[in-house]
Each structure stands twice: as C-alpha cells, then as structure tokens.
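# Coordinate analysis (summary)
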Amino acid sequence: MESIKNRYAIVGVGESERSKNSGTTPLHLALDAARAALNDAGLKAKDIDGFMSYSENDSCTSHQLATYLGVRPKYVKDILGGGSSTEMLIADAVGLIESGQLNTVLIYRSMNGRSGVRMGGGGWNVNMLQTAIEGGSFIIPYGAGSPAQWFGLFATRHMHETGLTQEHLGHVCLAFYEHAQRNPKAYFHGKPLTMDEYLKTPYLSYPFKKHDFCLESDEANAIIVTSAERAEGCKSRPVYIMGLSARQCVSHAHYWNDLTEVAADYVAPEVYKMAGVKPEDIDVASIYDCYSWVVLRQLEAYGFAPRGEVGNFVAEGNLRIGGKLPSNTAGGMLSEGYTHGMNNVLEIVRQVRHEYKGTDRQVENCEIGICTGWAGPDMAGAMILRN
Amino acid sequence: MEYQKPIPLKTQDNSPYWDGADRHELILQKCNCCHQYSHPPGPSCAKCGSSELSWESQGSDINGKVYSYIVSYRPFLPGFQDDLPLVIAIVELDMLPQVKLIGNILHCSPEEIEMGMPVKMVWKDIMDDRSIPQWIQV
C-alpha cells in the first residue's frame, strides 16, 4: 500500500447530537451525522457512491441510510465490529476507489449506546455469552463477563511488569477530562476531575474506577473519504492519509497465554513505515481509549515512550494540550463520547485542519496526527494523517 | 439451593475438559504436531493449525501461581452478587507454565491477592454431576 501515501483524503466529518437518551432511532442519528459530513465537505448525497458502516447489531443499515438520503449507491457494506473498524473501512474505501469501483465513500457509526444496546452489558443471556465469546465457557462461569474485567487482567500484569501505578492511569483520565472541559459538546463537559477525586473514587473492577471506563452515549459520526484529486473540489480542507494499517491480529484475547503481546505492536512499524515518519514527528494523537490503561499500553506500542517510562511520560502532562503528545483533545471516549472510536477520528481531522484556530482547543503547529483504533489485545489498526 | 451462576457449557471442542472437571481431573488438549498445549481447547491447534490433537490428564493435584488478577466489586454476571469483592485470576500451572487457567481465588481478600502468589486447585461441586476447578491460597 506504499503507493497510496497522500493520494487519499478525508474531506468531510460530521456528527449527530450526543446524549444519554436520544429519543430517536440510529437511522435518524445516522442521517444527521451524514448530512453534517456532506455539508462539511460541500458535497451532495448523490456524490456518494459507497456507504459503509460497522455495528454490534445496534444500528441501521447502509442501504437504509442511502435510501433516506434519496440516493442509489453502487456499493453498501455493513460489518460487525467495534474498535479499529473505522480504520479498516477507510482502508476498504481506499482500495475500492483505487481499483476504480467507487469515487467517494461515506463511513458511519450510529448507535443508541446508552439508551439502547449497552456495551457495559446487563441483561445478557449467560449461555449465549459462553458461545458468542471466544473461550467463553472458560471465563463466564468465573464471573468474567465484562470487557473491563478482561482488559483488567492485561492491565494488572502489564502494570506489574513495567511499574505503572494507579496514579499513572489517573493521569490519562485527568488529561482527557481536562480536554472535555474545553469541548461544550463533550458528555462530561462541566465535570472536571482532580487526582484527589480520582484516587478517592472506589473501584468498580480493580484496577479500574469509573473514570477509567469509556462512557456510553447515543450518537452517530460520519466520515467521507475520496481521492486527493477529487478532494481538491471539496469545500473543506482535505486531510491526507499518509499511512494506514487496516487491522492486524494476534491470538484472541481469551487465549490468555501471552499477555505481553498486543496487535498494536505489529501495526506500529507498518503504519510509520508507510507514512515515512517517526513517533517524534507526530504532533497530535487520538489513542483508542476504551479504558485508560489501553492508552498507556499503546503509548508503549507506538513508541511515544519506552516500556517502563510510559508512566513518567503521562505524569509529566504530555497527553495534555501543550504537552509533547496532546491526545484525545476533545475528551476521547473516556469523556467526550463513544462510537467505538470514530469520534476520535473526527477530532484528529479537525485538529490537523486547524479548525479550532484561535481557541484554547487548538494544538499549536499540528501538521501530522495519528489515530489508533484498538478493539483490544486481539486486533488493532491505525492511520497517520497530515494537513 | 439451586446454583445461580453460569454453568460451563459443554461443546464438541471442550467436553473432554469439562467431563474431566466433573471427575475432579484436569484434562488438557495437546497438539500432536507442534507438541504445544492448547488452552482453551479448540477444533485445531491455535499455535500451528494442526487438527491432530490429543487429550492428556494432569491428574487432580494441581498447583500454580497467580500470573494476573483483577478484583470485581460489581456482579457483572448473575449469581455473583454474594461473592463480592470477587477475585478473578489467571493462574500459571507449576508443571506446565505455558498453560494458564482463569478461575477465582476463593476466600481471598483484595489485600491478600498478589502476583506470583502460590495457589492450589480445588474442585467445587456445583450440581450433582458437575464440578469446576477453582483455586485457594497455599
């Protein structure tokens, strides 16, 4: 994929209202997000010939979305998937455009993630969980039914091996909550967090407190991808894709043999090589943040701090705007909103475009950004974008 | 009283393991090709893809060490509400360190649990004809 560097661009991003109870359907939310992205790009719905989405059986279909935008697409695709699906569908779109099958693709994620199907669970049939989850009969009978518990098992081992502390997890939360205070659309806008409060908050599932969990929200996000050539005709400032690693896998998380390996370890060298940049060239980041610890492990994988020094890196305030690697600058999934990672992609596009220029939300001189998508220790994808 | 927690579902891929547990015996899947253990067991070896698999008894006297753990303060699944805080651990087997089993460390407080802690397998009878392996501190 070396040859696609800088030849494709994200030309539109948009979102619906974000709430804990939308009172509407994922189709309405998706239409709102899609129209916002079209408006951002200065495109008409008929300019879109491919529609793609991902969901956990909690959304509307691409066919429905296109229908109610009044267009007949050449291509629709709906996949099951969570984190890293945004990067994967962008890679699919690039491939389809590259091969001449499509011109411009709209990718969306729409969900009533709080009022509808909640990832945090509750109400699941336990026998269904045992068969639906890889290795399920070896974890469900022991009470391990929540992603927080599975990620926690990776986290405590990694913390033990590298010396990460509870305060280091807290620094990730504090940085992202601070960013949410500058973002009026963030779910936890108006709810600042101090280290004292973080440390005093009881555990839900050690090593995680409520602030370490991503939130659940009702919302939709949309992204429009096209060729660099067509991007020139769009209203927005194109953000070019320098490097892209769609989705790499390691053994499933529930094959607990090797907690030291995560898929991001394999994604990182590929995405940097394709983009032709190094970690120190990255000005701004969106790091997949389903849990605070996941950010720390990815900082290690993507080379922002050596193993064993990631804790100091975050304690020094480097994830904050003004730090070495301003990350999740809209608040991330911990405090802005949750669409399995797509909201983090929207933010990196806006930062690299300098859309917040003149405000305290803009990262100064940010030309290159990284966006990582991580469903868990089992699979990961990432992309590097430039102004 | 009826057992409230999820009961391991036997499938074509895992039934030798759970049938063994019912007899208070640890049965592990091993690959005849690369000679590695496959746990959890599966339809073929997750290390090399071979479908030449066999089952090997490790007996009933199993010891291990805590490789990782979490402490759950909420019952994320039904039946665990009276067991909180619940310690869920990954245990590395002393005789086969490459094999790691998930289980609960019973009668263990959050203050006691630590990495590397030695534990011993105990068999908990959950129904007349079903048992699951669990762990206690040595």
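Residues numbered from 1 in each chain as written. Chains lettered and ligands numbered in written order. Predicted model: local features only at pLDDT ≥ 70, side-chain atom pairs only at ≥ 80, totals over all residues. Heavy atoms only, no water.

### A short note on the sheet that holds strand β1 (residues 27-31) of chain B
Residue and element names in this part refer to chain B. Threshold: In this scheme, strands are said to pair when DSSP sees at least two bridges between them. Numbering of helices and strands starts at the N terminus; helices are DSSP runs of H or I of at least 4 residues and strands are runs of E of at least 2. Contacts are assigned to residue pairs with any non-hydrogen atoms lying within 4.5 Å of each other. For helices, the axis comes from a line fit to the C-alpha atoms of the stretch in contact; other axes are also lines fit to C-alpha atoms, and the angle between any two N-to-C directions lies between 0 and 180 degrees.
Spatially, three strands are ordered β2-β1-β3 in an open sheet, and the strand pairing comes out antiparallel. Looking along the sheet, the strands with just one partner apiece sit at the ends: β2 (37-38) and β3 (53-57). Bridge analysis of β1 against β3 gives five bridges, and the strand direction is antiparallel. Paired with Ile27 across the two strands is Ser57, which belongs to β3. Taken strand by strand, helix α1 (residues 15-22) contacts β1 and β3, and its axis lies near 150 degrees from that of β1.

### Describing the pairing of β1 of chain B
Residues and elements named next belong to chain B. For clarity, the threshold we go by: Partly exposed describes any residue whose relative accessible area lies between the buried limit of under 20% and the exposed limit of over 50%, with all areas from a 1.4 Å probe on protein chains only and scaled to the type maximum.
Counted residue by residue, β1 has four buried out of five residues, so it is predominantly covered. Pairing of β1 with β2 involves two bridges; the strand directions are antiparallel. Bridge pairing links Gln29 to Ser38 in β2. The loop that links β1 with its antiparallel partner β2 comprises five residues; one of these, His35, has a positive phi angle of about 65 degrees.

### Side note on the packing of aromatic side chains
In plain terms, the rule: Stacked, tilted and edge-to-face are the three classes applied to pairs of Phe, Tyr and Trp rings, where Trp contributes its six-membered ring and a pair requires centres within 6.5 Å; stacked means planes under 30 degrees apart, edge-to-face means over 60, and tilted covers the rest. Cation placement over rings: the criterion is NZ of Lys or CZ of Arg within 6 Å of the ring centroid and within 35° of the ring normal.
Applying the stated criterion to the full structure yields 13 aromatic pairs over all chains. Aromatic pair Tyr187 of chain A and Phe188 of chain A: ring centres 5.3 Å apart, planes at 75 degrees, arrangement edge-to-face. Ring centres of Trp293 of chain A and Trp374 of chain A lie 6.4 Å apart, and the angle between their planes is 45 degrees; this geometry places the pair in the tilted category. One end of the pair, Trp293 of chain A, is in helix α10 (residues 292-301); the other, Trp374 of chain A, is in strand β10 (residues 368-374), and 81 residues separate them in sequence. Trp374 of chain A shares its class with Trp293 of chain A; the two are buried. Through pairs of rings, three or more aromatic residues link up here, namely Phe151, Phe208, Phe213 and Tyr291 of chain A. Positioned above the aromatic ring of Tyr198 of chain A, the side-chain terminus of Lys209 of chain A is 5.4 Å from the ring centre. Between Lys100 of chain B and the ring centre of Tyr67 of chain B, over which it is positioned, the NZ or CZ distance is 4.7 Å.

### Focus: the nonpolar core
The nonpolar side chains of soluble globular proteins are, as a tendency, buried together. Short version of the rule: Only buried residues count toward a nonpolar core. Its members are Ala, Val, Leu, Ile, Met, Phe, Trp, Tyr and Cys residues joined through side-chain atoms within 4.5 Å.
Counting residues in each nonpolar core, the largest one holds 80 residues, and the members touching the most others are Leu299, Tyr302 and Ile384 of chain A. Once you skip the residues sitting within four places of it in the chain, Ile384 of chain A turns out to touch Tyr240, Ile241, Met242, Gly243, Val271, Tyr272, Ala275, Val277, Ile282, Ile368, Gly369 and Ile370 of chain A.

### Some thoughts on the interface of chain A and chain B
The condition that has to hold: Values labelled buried area give the accessible surface lost by two parts on being combined, using a 1.4 Å probe and summing over both. Salt bridges are counted wherever a side-chain nitrogen of Lys or Arg sits within 4 Å of a carboxyl oxygen of Asp or Glu. Pairing of N or O atoms within 3.5 Å defines a polar contact, subject to two protein rules: one partner must be a possible hydrogen donor and the other a possible acceptor, and residues neighboring in sequence count only if both atoms are side-chain atoms. Under the grouping applied here, Gly and all other residues not named as nonpolar or charged are polar, the nonpolar ones being Ala, Val, Leu, Ile, Met, Phe, Trp, Tyr, Cys and Pro and the charged ones Asp, Glu, Lys and Arg.
Taken together, the contact between chain A and chain B spans 34 residues of the former and 38 residues of the latter. Across the chain A to chain B interface the summed buried area is about 3,300 Å²; carbon plus sulfur atoms make up 66%. On the chain A side of the contact with chain B, Phe138, Tyr142 and Asn257 of chain A bury the most area, a combined 27% of that side's loss. The interface formed by chain A and chain B contains zero salt bridges. The tally of links between chain A and chain B comes to 14 residue pairs in polar contact (both at pLDDT 80 or more). Among the elements of the structure, α4 (126-132), α5 (147-162) and β5 (203-206) of chain A are those that each provide at least two residues to the side of chain A that touches chain B. Sort the elements by how many residues they give to the side of chain A that touches chain B and α5 of chain A lands first, with seven residues. Looking at the side of chain A that touches chain B residue by residue, the class counts come to 16 nonpolar, 16 polar and two charged. As defined by bridge partners, β5 of chain A adjoins strand β4 (residues 63-72) of chain B across two bridges and the pair is classed as antiparallel. Within β4 of chain B, the residue paired with Ser205 of chain A across the bridge is Ser72 of chain B.

### Concerning the packing of α5 of chain A against α10 of chain A
All names here are of chain A. Note the following rule: Throughout, the term roughly parallel applies to angles under 35 degrees, roughly antiparallel to angles over 145, roughly perpendicular to angles from 65 to 115, and oblique to all others. Working rule for handedness: look at the near helix, and if it is turned counterclockwise from the far one by less than a right angle, call the crossing left-handed; if clockwise, right-handed.
At a minimum axis separation of 10 Å, α5 and α10 run at an interaxial angle of 50 degrees. The orientation of α5 relative to α10 falls into the category oblique. When the axes of α5 and α10 are compared, the crossing they make is left-handed. Between α5 and α10, the contacting residues are Phe151, Phe154, Ala155, His158, Met159 and Thr162 on the first element and Trp293, Val294, Arg297 and Glu300 on the second. Split into classes, the residues belonging to the contact of α5 with α10 amount to six nonpolar, two polar and two charged.

### Focus: helix α13 (residues 342-352) of chain A
Count 3.6 residues to each turn of an α-helix, and residues three or four apart come out pointing the same way. Buried residues dominate α13 of chain A, accounting for eleven of its eleven residues. After α13 of chain A finishes, the residue His354 of chain A shows a positive phi value of roughly 65 degrees.

### Concerning the sheet that holds strand β3 (residues 75-80) of chain A
Residues and elements named next belong to chain A. Pairing within the open sheet is mixed, and its nine strands lie in the order β3-β2-β4-β7-β1-β8-β11-β10-β9. Looking at strand neighbours, the two that pair on one side only are β3 and β9 (284-286), the edges of this open sheet. Going across the sheet, the axis of each strand differs from the next one's by a mean of 25 degrees, ignoring polarity. Here β10 pairs with strand β11 (residues 379-386) via seven bridges, running antiparallel. Counted as the bridge partner of Cys371 is Met383 from β11. Across the sheet, helix α1 (residues 26-41) is in contact with β1 (8-15), β4 (104-112) and β7 (218-227); its angle to β1 comes to roughly 130 degrees.

### Some thoughts on the packing of helix α6 (residues 166-180) of chain A against α10 of chain A
Residue and element names in this part refer to chain A. The N-to-C vectors of α6 and α10 enclose an angle of 100 degrees; their axes lie 8 Å apart at closest approach. The angle between α6 and α10 places the two elements in the roughly perpendicular class. Here α6 contributes His168, Leu169, Val172, Cys173 and Phe176 to the contact with α10, which in turn contributes Ser292, Trp293, Val295 and Leu296. When its residues are assigned to classes, the contact of α6 with α10 shows seven nonpolar, two polar and no charged.

### Side note on the side chain of His340 of chain A
The topology assignment puts His340 of chain A in the loop between α12 (332-335) and α13. Side chain to side chain, His340 of chain A and Arg109 of chain A meet in a polar contact 3.2 Å long.

### Here's the deal with the environment of Leu84 of chain B
Residue and element names in this part refer to chain B. If you trace the backbone, Leu84 turns up in the loop between β4 and β5 (86-93). Judged by relative accessible area, Leu84 falls into the partly exposed class, the value being 30%. Between the C-alpha atom of Leu84 and that of Val71, which follows or precedes it by 13 residues, the distance is 8.6 Å. When near neighbours in sequence (up to four residues on either side) are disregarded, Leu84 contacts Ser72, Tyr73, Arg74 and Pro75.

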